[in-house]
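Spelled out from the first residue to the last, the chains are:
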Amino acid sequence: MRIIYQDNSQSPNKTPSLALPAMTSSNSNNLADTATLIQLKGEKNLGDWESALWVALDCANLTDYVFSPKDKPEPDDKTSTEYETWRSNRAKAVAAIHSTLKAENIRTTLQINGWNPRDRDPSYHYQLVQKAIAKVTDEARADVLQEYLSLKRQSFDTMESFLQRYNVCRKRITEANLNIDDDLEMVILFNMVRTQYPIEARLWAMDMETKKLVPSVFLGKLSTIGNSEKRNPTLNVSTQVNNTDNKNTNNDKNNKDNKDKKKRETEKCSTCNRDITKGHKHFDCGHHRNPKTPDCWMCNPEKAPDTWRKKKELMEAKSGTAAATADTNNGLTHPSSKSSLLYGSVNNFMALSRDDSDSDNQDFW
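Below, the structure is looked at part by part. Worth saying up front: this structure is predicted, and the values here are computed from it rather than measured. (Residues numbered from 1 in each chain as written. Predicted model: local features only at pLDDT ≥ 70, side-chain atom pairs only at ≥ 80, totals over all residues. Heavy atoms only, no water.)

## Concerning the packing of helix α5 (residues 104-112) against helix α8 (residues 159-175)
And then number 1: Direction vectors running N to C along α5 and α8 enclose 115°, while the axes themselves pass 11 Å from each other. Crossing of α5 over α8 shows left-handed handedness. Every residue of α8 that contacts α5 at E104, N105, T108, T109 and I112 is listed here: V168, K171, R172 and E175.
And then number 2: Among the residues making up the contact of α5 with α8, the classes are represented as two nonpolar, three polar and four charged. (Axes fitted to C-alpha atoms, helices over the stretch in contact; angles between N-to-C directions. Helix = DSSP H or I, 4+ residues; strand = E, 2+ residues; numbered from the N terminus. Left-handed = near helix turned anticlockwise from the far one by under 90°. Contact = heavy atoms within 4.5 Å. Nonpolar A, V, L, I, M, F, W, Y, C, P; charged D, E, K, R; others polar.)

Structural data, given as structure tokens:
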């Protein structure tokens, strides 16, 4: 119902007045302009919005299309006048509801919840509003906060897509009446992106300490990075390479562990009854090795490949034993120190050379 201003300026003895015309069939065509409709601002005026919507629709005899759609089923004959009236009335109801959903925060909330503005069923829009704008429960707030805190830059292909999701989650935080001050938001946002941009993160951290960096400025810097990545996709390759390298490293490690595990299948030695690597044989030197290897690396570590993990230890122990033996005759005047060196070196070497409890030598290189 529109407010009409009557101009009585030509009648000096009369003052201007406001008149509210009665609702007529012609007025019902402009339902979206009626004075009873109010803009939906959020949960705080949801009840008033619903009441105003009902009054406006009732004036045009359209309430059933929104509040009781089952009472207004689609006519079977789509060429009939009845069908045309049904379609036209639904369109008017949709237009009325749309005219009250102009607030940006409301449209954003509806879009987050999958709103299709072009749906021709007025009850669909009404029910979605009731679902999306209804009072936020503590459980819903917890879900919103959890999603916000779980955001990480590495979970997105580009900075641009990360920022889009961040802004959506940040709006949901505000709409859920969760208050996050600037200092806390800075810490949260910084932790979301610092892993992917370690060099920039050092500068950001210094600016945070001096309070030069606030969320709005920081988001501007991240947006600049996003634009740079968009113009030059190769700038974003490092993220993908790092992730690929990490995956390859993990795969290599798993493959090695599986290989070692497979090779560490053991059996009892028929000569000494010790647990040895399956397929190895007992030799005269007392060690066990793969029969295909001609030399015992435990006894002759210098013949082992450099990749063998025990070679360095055994070579050092063997060198120490040889040196101690050569100096024994010269050290008779101080037998305690020299014999101690010899005894320790020999024992160290023997301990290493006898340490074949973990499947011996030749398999691990």
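On we go.
## Points about helix α11 (residues 215-231)
And then number 1: Between its first and last C-alpha, α11 extends 24 Å over 17 residues, near the 24 Å set by a 1.5 Å rise per residue.
And then number 2: Within the sequence span of α11, burial applies to P215, F218, L222, I225, G226 and E229. All buried residues of α11 lie within an arc of 100° about the axis, which places them on one face of the element. Set apart from the buried face of α11 by more than 90 degrees, the exposed residues are S216, K230 and R231.
And then number 3: Lining the buried residues of α11 we find α8, α9 (182-193) and α10 (198-209). (Expected span 1.5 Å × (residues − 1). Buried < 20%, exposed > 50% of the residue type's maximum accessible area, 1.4 Å probe, protein only. Arc of directions from axis to C-beta.)

## Examining unusual backbone geometry
With the exception of glycine, the majority of residues adopt a negative phi angle, and the majority of peptide bonds are in the trans configuration.
And then number 1: Even without glycine at this site, N61 takes up a positive phi of about 60°.
And then number 2: Note on placement: N61 falls in the loop between α2 (46-59) and α3 (63-67).
And then number 3: With relative accessibility at 62%, the residue N61 sits in the exposed group.
And then number 4: Residue K211 is not a glycine yet carries a positive backbone phi of 65°.
And then number 5: Position of K211 relative to the elements: it lies in the loop between α10 and α11.

## A short note on the pattern of salt bridges
One side chain can pair with another of opposite charge once the charged atoms of both are near each other.
And then number 1: Applying the stated criterion across every chain yields a total of twelve salt bridges.
And then number 2: Linking R90 and D121 is a salt bridge whose minimum nitrogen-to-oxygen distance equals 3.7 Å. A residue pair is termed long-range when its members are at least 10 positions apart, and R90 in helix α4 (residues 81-98) and D121 in the loop between α5 and α6 (122-132) qualify at 31 residues.
And then number 3: For D121, a relative accessible area of 23% puts it in the partly exposed group.
And then number 4: Among the salt bridges present, the one from K303 reaches D295, with a minimum N-O distance of 3.6 Å.
And then number 5: Connected via shared salt-bridge partners are E147, R165 and R172. (Salt bridge = Lys/Arg side-chain N within 4 Å of Asp/Glu carboxyl O.)

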